[in-house]
Amino acid sequence: MKSYDIAVIGGDGTGPEVVHEAVKVLDAAANKFGLKLNYTKYDLGGERYLRTGEILPDSVLEELRKFPAILLGAIGHPSVKPGILEKGILLRARFELEQYINLRPVKLYDERFCPLKDKKPQDIDFVVVRENNEGLYTGAGGFVFKGTANEVALQESVNTRRGVERCLRFAFEFARKRNKEKKLTLCGKTNVLTFAFDLWERAFNEVGEKDFKDIKRDYAHVDATTMWFVKNPEWFDVIVTDNMFGDIITDLGAMLQGGMGIAAGGNVNPQGTSMFEPIGGSAPKYTGQGVINPLAAICAGQMMLDFLGETEAARTIETTVIKIVREKIKSLAAGKMGYTTSQVGDLVAEAL
Ligand code: IPM
Ligand code: MN
């Protein structure tokens, strides 16, 4: 029997509730496909920070390195200043575990949930490959004369040839494996960010020309990308972009697929520890009410199984989620699903 060790971080707000349902569904899938999933829970997040002052202790980080995968609920606590937990837990894990890819599929499961008129599931089915270790997220920069009238704030975008190239290679490979249109769109801003995206564009063309001649290359500025998302989402197959642009366009992408209740992502280190999460936040106002939609977390679990090589189990979770979404769920929004959080988990687990 194949066995996998999984670290589970429920985190803040509704994180633990949705992760609970994801684990329920993962166990049902494991049972069906003869897998064994061993979970180790880690108590990280706002409560621990407020209680002990600890954010992500080095010893915990070292333990996390030993797992092939982490399942994460959400990070963000209303009593903790914004930035502390996000940077200290989420971004630190992404950086230190070298999860240099943030993989965010945008897939519409039921046209009832798409805010765009006349768009159907076949029109909204693309994947964003977001660079996850560089760009504006590294913390490079600083203040000069802080707090004075002459104050200067610099926030620098870091783009290394190595970091950009490994992200591009992953995206090309992904487009090849996905085998939809075999098209990769670079989303950038080559008309203004003439250093950063000059490097990206050159690397994109060089790598594509040399090793991925079978993949069509396409380019869109980031502002135009947001326009195409709304006007012609069917144009996209795989999109590759930097950290900041990827952050922004994937929130828009999440809305196209029906909202944060269904949007999942993976922070991937192809050779190391990857971390899967629903991409909506901790939704503190819904904590403990049993109204939050666990499908995004369930889909994160599905992505995790896929990453672990359990493609068939992953595919079965996805088909089951699609079926439940189409046949049962009234709305993907919190409190409007027609079921409680744990009932949605039960529906998927039982259907499996
Ligand atoms: C996301 C989030 C994070 C990010 C925040 C919470 C740091 O918005 O995962 O998209 O900006 O990457
Ligand atoms: Mn974001």
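Predicted model, so just to flag it, every value in this text is computed and none were measured.

Criteria and cut-off values
Each chain has its residues counted from 1, following the order in which its sequence is written. Working convention: letters from A go to chains and numbers from 1 go to ligands, in the order in which they are written. Since the coordinates come from a predicted model, pLDDT governs what is reported: local features require at least 70, and pairs of side-chain atoms require 80 or more to be given and counted, while whole-chain, interface and lining totals use all residues. No hydrogens and no water enter the side-chain calculation; it runs on all heavy atoms of the structure. To sort residues, take the accessible area from a 1.4 Å probe on protein chains only and compare it with the maximum for the residue type: under 20% means buried, over 50% means exposed, and anything in between is partly exposed. The way it works is that DSSP assigns letters per residue, a run of H or I at least four long becomes a helix, a run of E at least two long becomes a strand, and they are numbered from the N terminus. Picture the helix axis, draw a direction to every C-beta atom, and the arc is the one those directions span. Two residues qualify as a contact provided that any one of their heavy atoms is within 4.5 Å of a heavy atom in the partner residue. Only buried residues count toward a nonpolar core. Its members are Ala, Val, Leu, Ile, Met, Phe, Trp, Tyr and Cys residues joined through side-chain atoms within 4.5 Å. Where each domain begins and ends is defined by an automated method or by a domain database.

A. Geometry of helix 7 (residues 222-231). Where helix 7 is concerned, the buried positions are Val222, Thr225 and Phe229. In a view along the axis of helix 7, the buried residues occupy a sector of 45°, so they form one face of it. In this structure, the buried residues of helix 7 make contact with strand 5 (125-131), strand 8 (183-188), strand 9 (216-221), strand 10 (238-241) and helix 8 (243-256).

B. Looking closely at the environment of Gly10. As for its placement among the helices and strands, Gly10 is situated in strand 1 (residues 2-11). We classify Gly10 as buried; its relative accessible area is 14%. Note: C-alpha distance between Gly10 and Ile75 (65 residues apart in sequence) is 8.5 Å. In this structure, Gly10 is in contact with Gly15, Pro16, Val19, Tyr42, Gly73 and Ala74, ignoring residues within four places of it in sequence.

C. Examining the nonpolar core more closely. In terms of nonpolar packing, the biggest core is built from 87 residues, with Leu71, Val129, Val240, Leu295, Leu305, Ile317 and Val321 touching the most fellow members. Counting residues per element, this core draws most heavily on helix 1 (residues 15-33), which supplies nine residues. Built from parts of two domains, this core gets at least three residues from each of domain 1 (1-100 + 259-352) and domain 2 (125-256). Apart from residues no more than four positions distant in its own chain, Val240 is found in contact with Val129, Cys167, Leu168, Ala171, Leu184, Thr185, Leu186, Cys187, Trp200 and Phe204. Counting 19 residues, the second-largest nonpolar core is a separate cluster that includes Leu56, Leu64, Ile75 and Leu85.

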